[in-house]
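One letter stands for each residue in the lines below.
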Amino acid sequence: MEKKIAVIRGDGIGPEIVGEAIGVLDAVAELYGHKFTYDEVDMGGCAIDKWGDPLPQEMLDKCLQSDSVLLGAVGGPKWNSVPGDKRPEKGLLRLRAGMGVYSNNRPAKIWPQLADASPLRPEIVEKGIDFIIVRELIGGIYFGDRKTVEENGEQKAIDTLTYTESEIRRIGRIGFETARKRNKRLCSVEKSNVLDSSRLWKKVMHELAAEYPDVELSDMLVDNCAMQIVKDPAQFDVIVTENMFGDILSDEASMITGSIGMIPSSSLGDSSCGLYEPIHGSAPDIAGKDLSNPTGTILAAAMMLRYSFDMAAEADCIENAVSAVLDEGYRTADIIGSQAAGFKKTGCREMGALIRAHLTKG
Ligand code: IPM
Ligand code: MG
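Read on for a plain summary of the structure. All figures in this text were calculated on a predicted structure; none of them were measured in a lab.

## Focus on the overall build of the protein
Scanning the protein for helices and strands turns up twelve helices and 14 strands. Its C-alpha radius of gyration of 20 Å places the protein within 12% of the 21 Å reference for a compact globule of 362 residues. In terms of principal-axis extent, the alpha carbons of the protein reach across some 60 × 50 × 40 Å. Out of the 362 residues belonging to the protein, those deemed buried represent 53%. Here the analysis covers contacts within the protein between residues at least 6 apart in sequence; of these, 75% occur between residues at least 24 apart. Separation between the mean location of the 41 positive side-chain charges and that of the 55 negative ones in the protein comes to 1 Å.

## Comments concerning the layout of surface pockets
In this approach, a probe sized like a water molecule rolls over the atoms, and the result shows the empty space that is left. Put simply, the largest pocket is a space of about 930 Å³. Around the largest pocket sit 29 residues that line it, and Asn105, Pro107, Ile132, Met303 and Tyr307 are the ones nearest its centre. Going through the elements one at a time, β4 (103-109), β5 (130-136), α6 (165-180), β11 (264-268) and α10 (295-307) are the ones with two or more residues in the lining of the largest pocket. With five residues, the top contributor of residues to the lining of the largest pocket is β4. Approximately 390 Å³ is the volume attributed to the second largest pocket.

## Considering the site of ligand 1
Near ligand 1, the surroundings consist of Glu89, Arg96, Arg106, Arg135, Tyr142 and Asp247. At a separation of 2.8 Å, an oxygen atom of ligand 1 approaches a polar side-chain atom of Arg135. In the model, an oxygen atom of ligand 1 is placed 2.9 Å from a nitrogen or oxygen of the Asp247 side chain. Protein burial of ligand 1: of its 320 Å² of free accessible surface, 76% is covered by the chains. Mapping ligand 1 onto the cavity grids shows that it belongs to the second largest pocket. Partitioning the shell around ligand 1 into residue classes produces one nonpolar, no polar and five charged.

## Overview of the side chain of Ser292
Turning to its location among the elements, Ser292 is positioned in the loop between β12 (275-278) and α10. Note on Ser292: relative accessible area 1%, which makes it buried. If near-sequence neighbours (up to four positions away) are discounted, Ser292 is found in contact with Ile13, Glu16, Ile17, Ile286, Thr332, Gly347 and Cys348.

## Here we look at helix α11 (residues 312-327)
The terminal C-alpha atoms of α11 lie 22 Å apart, and with 16 residues this matches the ideal 22 Å at 1.5 Å per residue to within 8%. Taken as a whole, α11 has its buried residues at Glu314, Ala315, Cys317, Ile318, Ala321, Val322, Val325 and Leu326. Of the surrounding elements, those touching the buried residues of α11 are α1 (14-32), α10, β13 (330-331) and α12 (348-357). Directly after α11, the chain includes Gly329, whose backbone phi takes a positive value near 90 degrees.

## Considerations on the pattern of salt bridges
The final tally for this structure, using the stated rule, is 25 salt bridges. In this structure, Glu151 and Lys156 form a salt bridge, with 3.0 Å as the shortest nitrogen-oxygen distance. Judged by its relative accessible area of 35%, Glu151 is partly exposed. A salt bridge links Arg169 to Glu165; its shortest N-O distance comes to 3.8 Å. With a gap of four residues between them, Arg169 and Glu165 both fall in helix α6, about one helical turn apart. Of the residues examined, Glu165 reaches a relative accessible area of 34% and is grouped as partly exposed. Sharing partners across several salt bridges, the network here consists of Glu165, Arg169, Lys203 and Glu207.

## What to know about the pairing of strand β7 (residues 154-159)
In terms of burial, β7 is largely open, as just zero of its six residues are buried. Two strands pair when backbone bridges link them, and strand β6 (residues 146-151) and β7 are joined in this way by six bridges, in the antiparallel orientation. Across the sheet, the residue bridging to Glu150 is Gln155, located in β7. Hairpin connection from β6 to β7: two residues lie between these consecutive antiparallel strands, with Asn152 at a positive phi of about 50 degrees.

## Quick notes on unusual backbone geometry
Backbone geometry places Asp290, a non-glycine residue, at a positive phi of 60 degrees. You can see Asp290 is positioned in the loop between β12 and α10. Asp290 gets classed as partly exposed once you look at its relative accessible area, which sits at 23%. For Asp310, which is not a glycine, the phi torsion comes out positive at approximately 60 degrees. The residue Asp310 is located in the loop between α10 and α11 in this model.

## Here we look at the sheet that holds strand β1 (residues 2-10)
Sheet architecture is open: ten strands sit in the order β2-β1-β3-β12-β11-β4-β5-β10-β8-β9, paired in mixed fashion. Sheet topology places β2 (35-40) and β9 (216-221) at the edges, where each strand pairs with a single neighbour. Between one strand axis and the next, the sheet turns through 25 degrees on average, direction left out of account. Taken together, the six bridges between β1 and β2 define a ladder with parallel strand orientation. Across the sheet, residue Val7 finds its bridge partner in β2, namely Glu40.

Cut-offs applied
- Residues numbered from 1 in each chain as written.
- Chains lettered and ligands numbered in written order.
- Predicted model: local features only at pLDDT ≥ 70, side-chain atom pairs only at ≥ 80, totals over all residues.
- Heavy atoms only, no water.
- Helix = DSSP H or I, 4+ residues; strand = E, 2+ residues; numbered from the N terminus.
- Rg over C-alpha atoms; globule rule 2.2 N^0.38 Å.
- Buried < 20%, exposed > 50% of the residue type's maximum accessible area, 1.4 Å probe, protein only.
- Contact = heavy atoms within 4.5 Å.
- Lys, Arg positive; Asp, Glu negative; His and termini not counted.
- Charge placed at Lys NZ, Arg CZ, Asp CG, Glu CD.
- 1 Å grid on protein atoms, 1.4 Å probe; cavity = no way out; pocket = protein on both sides within 12 Å on 5 of 7 lines; lining within 4 Å.
- Points joined across faces, edges and corners; volume = space filled by probe spheres on them.
- Near = heavy atom within 4 Å.
- Polar contact = N/O pair within 3.5 Å; in protein donor to acceptor, adjacent residues only side chain to side chain.
- Areas by Shrake-Rupley, 256 points an atom, 1.4 Å probe, with all protein chains shown as cover.
- Sits in = over half its atoms within 2 Å of the grid points.
- Nonpolar A, V, L, I, M, F, W, Y, C, P; charged D, E, K, R; others polar.
- Expected span 1.5 Å × (residues − 1).
- Salt bridge = Lys/Arg side-chain N within 4 Å of Asp/Glu carboxyl O.
- Pairing = 2+ DSSP bridges.
- Axes fitted to C-alpha atoms, helices over the stretch in contact; angles between N-to-C directions.

Spelled out as C-alpha coordinates, the structure:
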(Lines give C-alpha, C1' and ligand atoms only; values in the text may rest on other atoms or scores of the structure.)
(Ligands and ions follow the chains in the order given, each with its own letter.)
Protein backbone atom coordinates (compact mmCIF):
# COMPACT_ATOMS: atom_id res chain seq x y z
CA MET A 1 0.00 0.00 0.00
CA GLU A 2 1.09 3.56 -0.64
CA LYS A 3 0.27 6.28 1.91
CA LYS A 4 1.06 9.96 2.09
CA ILE A 5 1.75 11.16 5.63
CA ALA A 6 1.84 14.85 6.54
CA VAL A 7 4.63 15.30 9.07
CA ILE A 8 4.70 18.10 11.62
CA ARG A 9 7.98 18.04 13.51
CA GLY A 10 7.14 21.20 15.43
CA ASP A 11 9.20 22.68 18.26
CA GLY A 12 11.42 21.61 21.17
CA ILE A 13 11.93 17.84 21.17
CA GLY A 14 9.38 17.51 18.31
CA PRO A 15 11.94 17.12 15.50
CA GLU A 16 13.99 14.45 17.31
CA ILE A 17 11.06 12.25 18.35
CA VAL A 18 9.37 12.50 14.95
CA GLY A 19 12.68 11.60 13.27
CA GLU A 20 12.75 8.32 15.23
CA ALA A 21 9.09 7.59 14.45
CA ILE A 22 9.73 8.06 10.73
CA GLY A 23 12.70 5.70 10.99
CA VAL A 24 10.38 3.08 12.47
CA LEU A 25 7.69 3.69 9.83
CA ASP A 26 10.27 3.26 7.06
CA ALA A 27 11.50 0.02 8.58
CA VAL A 28 7.91 -1.28 8.82
CA ALA A 29 7.26 -0.26 5.20
CA GLU A 30 10.32 -2.21 4.14
CA LEU A 31 9.26 -5.30 6.13
CA TYR A 32 5.69 -5.34 4.84
CA GLY A 33 6.21 -3.99 1.32
CA HIS A 34 4.45 -0.62 1.77
CA LYS A 35 5.50 2.81 0.63
CA PHE A 36 5.11 5.80 2.94
CA THR A 37 5.86 9.25 1.59
CA TYR A 38 6.18 12.30 3.83
CA ASP A 39 5.01 15.84 3.27
CA GLU A 40 6.70 18.27 5.68
CA VAL A 41 4.35 20.75 7.35
CA ASP A 42 5.41 23.78 9.41
CA MET A 43 3.24 24.37 12.46
CA GLY A 44 3.73 26.01 15.84
CA GLY A 45 6.62 28.22 16.88
CA CYS A 46 8.78 27.28 13.90
CA ALA A 47 5.95 28.37 11.57
CA ILE A 48 5.61 31.67 13.46
CA ASP A 49 9.36 32.27 12.97
CA LYS A 50 9.25 31.35 9.29
CA TRP A 51 5.82 32.54 8.13
CA GLY A 52 4.53 34.82 10.93
CA ASP A 53 1.60 32.41 11.42
CA PRO A 54 1.42 29.21 13.52
CA LEU A 55 -0.43 27.36 10.73
CA PRO A 56 -0.54 29.05 7.33
CA GLN A 57 -3.50 27.91 5.20
CA GLU A 58 -1.25 26.11 2.70
CA MET A 59 0.18 24.04 5.56
CA LEU A 60 -3.32 23.08 6.70
CA ASP A 61 -4.13 22.19 3.09
CA LYS A 62 -1.18 19.80 2.99
CA CYS A 63 -2.62 18.01 6.03
CA LEU A 64 -6.09 17.84 4.48
CA GLN A 65 -4.58 16.32 1.33
CA SER A 66 -2.71 13.62 3.23
CA ASP A 67 -3.83 10.15 4.31
CA SER A 68 -3.01 11.09 7.92
CA VAL A 69 -0.94 13.49 9.97
CA LEU A 70 1.91 12.66 12.36
CA LEU A 71 2.73 15.39 14.87
CA GLY A 72 5.58 15.77 17.38
CA ALA A 73 4.87 18.72 19.66
CA VAL A 74 4.57 22.49 19.44
CA GLY A 75 5.25 25.50 21.65
CA GLY A 76 7.93 26.79 24.00
CA PRO A 77 8.92 29.78 26.13
CA LYS A 78 10.35 31.57 23.10
CA TRP A 79 6.79 32.34 21.92
CA ASN A 80 5.28 33.14 25.35
CA SER A 81 4.90 36.82 24.58
CA VAL A 82 3.16 36.23 21.24
CA PRO A 83 -0.53 37.37 21.40
CA GLY A 84 -3.07 34.59 22.13
CA ASP A 85 -4.45 34.18 18.62
CA LYS A 86 -0.95 33.80 17.14
CA ARG A 87 0.55 31.43 19.70
CA PRO A 88 1.98 28.06 18.59
CA GLU A 89 -0.92 26.26 20.33
CA LYS A 90 -3.35 28.18 18.13
CA GLY A 91 -1.86 26.33 15.15
CA LEU A 92 -2.72 23.03 16.81
CA LEU A 93 -6.27 24.14 17.58
CA ARG A 94 -6.75 25.33 13.99
CA LEU A 95 -5.40 22.03 12.72
CA ARG A 96 -7.81 20.02 14.88
CA ALA A 97 -10.77 22.17 13.83
CA GLY A 98 -9.68 22.25 10.17
CA MET A 99 -9.40 18.47 10.06
CA GLY A 100 -12.71 18.10 11.92
CA VAL A 101 -11.15 15.63 14.35
CA TYR A 102 -13.70 15.83 17.16
CA SER A 103 -12.72 12.62 18.90
CA ASN A 104 -9.45 12.38 20.79
CA ASN A 105 -8.60 8.95 22.11
CA ARG A 106 -6.03 8.84 24.94
CA PRO A 107 -5.19 5.44 26.39
CA ALA A 108 -3.96 5.17 29.97
CA LYS A 109 -2.40 1.77 30.13
CA ILE A 110 0.44 0.66 32.30
CA TRP A 111 3.26 -1.29 30.71
CA PRO A 112 3.94 -4.12 33.17
CA GLN A 113 7.69 -3.46 32.75
CA LEU A 114 7.15 0.11 33.99
CA ALA A 115 4.94 -0.57 37.00
CA ASP A 116 7.73 0.69 39.26
CA ALA A 117 7.71 4.07 37.56
CA SER A 118 4.09 4.73 38.58
CA PRO A 119 3.81 7.18 41.48
CA LEU A 120 0.87 5.16 42.86
CA ARG A 121 1.29 2.56 45.59
CA PRO A 122 1.99 -0.97 44.29
CA GLU A 123 -1.29 -2.36 45.67
CA ILE A 124 -3.23 0.15 43.56
CA VAL A 125 -1.12 -0.47 40.44
CA GLU A 126 -1.50 -4.24 40.84
CA LYS A 127 -5.27 -3.97 40.40
CA GLY A 128 -4.54 -2.87 36.82
CA ILE A 129 -4.55 0.43 34.94
CA ASP A 130 -6.07 0.10 31.50
CA PHE A 131 -8.60 2.68 30.41
CA ILE A 132 -9.21 5.13 27.60
CA ILE A 133 -10.20 8.75 27.78
CA VAL A 134 -12.35 9.82 24.86
CA ARG A 135 -12.03 13.60 24.81
CA GLU A 136 -14.21 15.94 22.74
CA LEU A 137 -11.63 17.95 20.80
CA ILE A 138 -13.12 20.75 18.72
CA GLY A 139 -15.79 22.31 20.92
CA GLY A 140 -16.32 23.73 24.39
CA ILE A 141 -14.34 26.51 26.00
CA TYR A 142 -11.35 25.99 23.67
CA PHE A 143 -13.38 27.22 20.72
CA GLY A 144 -15.96 29.58 22.27
CA ASP A 145 -15.77 33.36 21.83
CA ARG A 146 -13.23 35.04 24.03
CA LYS A 147 -12.22 38.60 24.66
CA THR A 148 -10.71 40.91 27.21
CA VAL A 149 -12.52 44.18 27.85
CA GLU A 150 -12.05 47.20 30.05
CA GLU A 151 -14.81 47.50 32.67
CA ASN A 152 -15.03 49.70 35.76
CA GLY A 153 -11.41 50.65 35.49
CA GLU A 154 -10.08 47.10 35.30
CA GLN A 155 -9.67 44.38 32.71
CA LYS A 156 -12.24 41.66 32.40
CA ALA A 157 -11.55 38.44 30.48
CA ILE A 158 -14.36 36.35 29.02
CA ASP A 159 -14.21 32.79 27.69
CA THR A 160 -17.37 31.02 26.63
CA LEU A 161 -18.22 27.35 26.94
CA THR A 162 -20.90 26.05 24.61
CA TYR A 163 -21.99 22.62 23.44
CA THR A 164 -24.82 21.71 21.11
CA GLU A 165 -26.73 18.44 21.34
CA SER A 166 -25.28 17.26 18.04
CA GLU A 167 -21.71 17.96 19.17
CA ILE A 168 -22.34 15.96 22.33
CA ARG A 169 -24.12 13.15 20.49
CA ARG A 170 -21.31 12.49 18.00
CA ILE A 171 -18.63 12.23 20.70
CA GLY A 172 -21.02 10.28 22.91
CA ARG A 173 -21.39 7.69 20.17
CA ILE A 174 -17.61 7.32 19.95
CA GLY A 175 -17.57 6.74 23.72
CA PHE A 176 -20.24 4.03 23.50
CA GLU A 177 -18.63 2.40 20.44
CA THR A 178 -15.23 2.38 22.15
CA ALA A 179 -16.70 0.81 25.29
CA ARG A 180 -18.54 -1.76 23.19
CA LYS A 181 -15.18 -2.96 21.80
CA ARG A 182 -13.70 -3.18 25.31
CA ASN A 183 -15.23 -4.07 28.68
CA LYS A 184 -18.55 -2.32 27.96
CA ARG A 185 -18.33 0.23 30.76
CA LEU A 186 -18.64 3.91 29.90
CA CYS A 187 -18.23 6.68 32.46
CA SER A 188 -19.51 10.07 31.34
CA VAL A 189 -17.65 12.84 33.16
CA GLU A 190 -19.11 16.33 33.57
CA LYS A 191 -19.91 19.08 36.08
CA SER A 192 -23.70 18.93 35.95
CA ASN A 193 -24.02 20.25 39.51
CA VAL A 194 -22.86 23.63 38.19
CA LEU A 195 -22.78 23.93 34.38
CA ASP A 196 -25.66 24.01 31.90
CA SER A 197 -23.42 22.56 29.19
CA SER A 198 -22.79 19.60 31.51
CA ARG A 199 -26.49 19.12 32.21
CA LEU A 200 -27.09 18.93 28.46
CA TRP A 201 -24.13 16.57 28.16
CA LYS A 202 -25.59 14.23 30.74
CA LYS A 203 -29.05 14.29 29.16
CA VAL A 204 -27.69 13.41 25.70
CA MET A 205 -25.53 10.60 27.10
CA HIS A 206 -28.57 9.04 28.75
CA GLU A 207 -30.61 9.34 25.55
CA LEU A 208 -27.83 7.55 23.66
CA ALA A 209 -27.65 4.83 26.31
CA ALA A 210 -30.97 3.45 25.00
CA GLU A 211 -29.20 2.61 21.72
CA TYR A 212 -26.39 0.79 23.53
CA PRO A 213 -28.13 -1.53 26.00
CA ASP A 214 -25.02 -3.74 26.12
CA VAL A 215 -22.91 -0.86 27.52
CA GLU A 216 -23.20 0.12 31.17
CA LEU A 217 -23.29 3.93 31.47
CA SER A 218 -22.33 5.73 34.66
CA ASP A 219 -22.00 9.45 35.45
CA MET A 220 -19.24 11.09 37.45
CA LEU A 221 -18.54 14.69 38.37
CA VAL A 222 -15.16 15.81 37.07
CA ASP A 223 -13.72 16.70 40.48
CA ASN A 224 -14.63 13.28 41.82
CA CYS A 225 -13.16 11.70 38.68
CA ALA A 226 -9.84 13.45 39.28
CA MET A 227 -9.81 11.84 42.73
CA GLN A 228 -10.96 8.39 41.57
CA ILE A 229 -8.21 8.23 38.91
CA VAL A 230 -5.56 8.18 41.63
CA LYS A 231 -7.59 6.31 44.25
CA ASP A 232 -8.90 3.40 42.19
CA PRO A 233 -8.00 3.62 38.48
CA ALA A 234 -8.96 -0.04 37.94
CA GLN A 235 -12.64 0.95 38.06
CA PHE A 236 -12.43 2.69 34.66
CA ASP A 237 -12.83 1.19 31.20
CA VAL A 238 -13.79 4.15 28.97
CA ILE A 239 -14.25 7.76 30.09
CA VAL A 240 -16.00 10.20 27.76
CA THR A 241 -15.75 13.89 28.51
CA GLU A 242 -15.67 17.41 27.10
CA ASN A 243 -12.63 19.21 25.77
CA MET A 244 -11.08 20.91 28.80
CA PHE A 245 -11.97 18.22 31.35
CA GLY A 246 -10.39 15.70 28.97
CA ASP A 247 -7.26 17.81 28.64
CA ILE A 248 -6.74 17.88 32.40
CA LEU A 249 -7.79 14.31 33.22
CA SER A 250 -5.65 12.83 30.45
CA ASP A 251 -2.50 14.41 31.88
CA GLU A 252 -3.38 12.99 35.28
CA ALA A 253 -4.14 9.57 33.78
CA SER A 254 -0.87 9.47 31.86
CA MET A 255 1.12 10.30 34.97
CA ILE A 256 -0.17 7.29 36.94
CA THR A 257 1.03 4.97 34.18
CA GLY A 258 4.62 5.95 34.91
CA SER A 259 5.48 8.16 31.99
CA ILE A 260 3.74 10.68 29.86
CA GLY A 261 6.56 9.97 27.38
CA MET A 262 5.07 6.58 26.48
CA ILE A 263 1.53 7.62 25.62
CA PRO A 264 0.23 8.14 22.09
CA SER A 265 -3.10 9.57 21.03
CA SER A 266 -5.33 9.57 18.00
CA SER A 267 -7.74 12.26 16.87
CA LEU A 268 -10.38 11.30 14.37
CA GLY A 269 -13.46 12.78 12.76
CA ASP A 270 -15.74 11.25 10.17
CA SER A 271 -13.01 10.38 7.63
CA SER A 272 -10.07 7.99 7.95
CA CYS A 273 -7.58 10.88 7.87
CA GLY A 274 -6.51 11.19 11.49
CA LEU A 275 -4.08 13.21 13.56
CA TYR A 276 -1.61 11.17 15.60
CA GLU A 277 0.65 12.58 18.30
CA PRO A 278 2.22 11.76 21.66
CA ILE A 279 0.29 13.39 24.48
CA HIS A 280 3.33 15.10 25.99
CA GLY A 281 4.51 18.59 25.14
CA SER A 282 7.60 19.99 23.43
CA ALA A 283 9.85 19.82 26.54
CA PRO A 284 12.08 22.74 25.44
CA ASP A 285 14.37 22.23 28.46
CA ILE A 286 15.70 18.95 27.06
CA ALA A 287 15.40 19.70 23.34
CA GLY A 288 18.39 18.77 21.20
CA LYS A 289 20.13 16.91 24.05
CA ASP A 290 19.14 13.40 22.95
CA LEU A 291 17.37 12.94 26.31
CA SER A 292 13.77 12.64 25.14
CA ASN A 293 11.68 9.51 24.83
CA PRO A 294 10.53 8.89 21.24
CA THR A 295 8.26 5.97 22.26
CA GLY A 296 5.03 7.99 22.57
CA THR A 297 5.48 9.24 19.00
CA ILE A 298 6.48 5.79 17.73
CA LEU A 299 3.34 4.34 19.33
CA ALA A 300 1.31 7.18 17.78
CA ALA A 301 2.66 6.06 14.40
CA ALA A 302 1.50 2.51 15.28
CA MET A 303 -1.97 3.89 16.06
CA MET A 304 -2.00 5.60 12.66
CA LEU A 305 -1.29 2.28 10.97
CA ARG A 306 -4.01 0.55 12.98
CA TYR A 307 -6.82 3.12 12.85
CA SER A 308 -6.29 5.05 9.62
CA PHE A 309 -4.51 2.57 7.35
CA ASP A 310 -6.08 -0.67 8.56
CA MET A 311 -2.65 -2.20 9.12
CA ALA A 312 -3.18 -4.11 12.35
CA ALA A 313 -0.28 -6.54 11.90
CA GLU A 314 2.12 -3.69 11.24
CA ALA A 315 0.86 -1.85 14.34
CA ASP A 316 1.28 -5.00 16.45
CA CYS A 317 4.80 -5.33 15.07
CA ILE A 318 5.73 -1.87 16.44
CA GLU A 319 4.04 -2.40 19.81
CA ASN A 320 5.75 -5.78 20.24
CA ALA A 321 9.12 -4.22 19.43
CA VAL A 322 8.57 -1.55 22.12
CA SER A 323 7.67 -4.25 24.62
CA ALA A 324 10.75 -6.31 23.72
CA VAL A 325 13.05 -3.30 24.17
CA LEU A 326 11.54 -2.63 27.62
CA ASP A 327 11.90 -6.34 28.48
CA GLU A 328 15.61 -6.06 27.76
CA GLY A 329 15.87 -3.29 30.33
CA TYR A 330 16.42 -0.26 28.08
CA ARG A 331 15.02 2.93 29.54
CA THR A 332 15.07 6.60 28.57
CA ALA A 333 15.59 9.03 31.47
CA ASP A 334 11.87 9.63 32.02
CA ILE A 335 11.03 5.97 32.68
CA ILE A 336 14.10 4.81 34.53
CA GLY A 337 12.38 5.27 37.92
CA SER A 338 14.12 4.86 41.23
CA GLN A 339 15.89 1.61 40.36
CA ALA A 340 18.17 3.10 37.74
CA ALA A 341 20.95 0.67 38.60
CA GLY A 342 19.19 -2.33 37.07
CA PHE A 343 18.52 -0.66 33.72
CA LYS A 344 20.40 0.37 30.62
CA LYS A 345 19.97 4.09 30.12
CA THR A 346 19.43 5.17 26.52
CA GLY A 347 18.91 8.42 24.69
CA CYS A 348 16.29 9.27 22.09
CA ARG A 349 18.31 8.09 19.08
CA GLU A 350 19.33 4.81 20.67
CA MET A 351 15.75 4.10 21.78
CA GLY A 352 14.56 4.62 18.19
CA ALA A 353 17.32 2.39 16.83
CA LEU A 354 16.55 -0.34 19.38
CA ILE A 355 12.85 -0.34 18.48
CA ARG A 356 13.74 -0.56 14.77
CA ALA A 357 16.11 -3.44 15.47
CA HIS A 358 13.38 -5.35 17.30
CA LEU A 359 10.77 -5.16 14.54
CA THR A 360 9.92 -8.65 13.39
CA LYS A 361 7.18 -9.59 10.98
CA GLY A 362 4.62 -11.66 12.92
C1 IPM B 1 -3.01 18.65 24.64
C2 IPM B 1 -2.33 19.97 24.86
C3 IPM B 1 -3.06 21.02 24.04
C4 IPM B 1 -4.48 21.08 24.54
C5 IPM B 1 -2.40 22.42 24.06
C6 IPM B 1 -0.98 22.37 23.58
C7 IPM B 1 -3.21 23.42 23.28
O8 IPM B 1 -2.29 20.28 26.21
O9 IPM B 1 -3.02 18.17 23.49
O10 IPM B 1 -3.52 18.09 25.61
O11 IPM B 1 -4.75 21.75 25.55
O12 IPM B 1 -5.34 20.45 23.92
MG1 MG C 1 -3.03 18.74 27.48
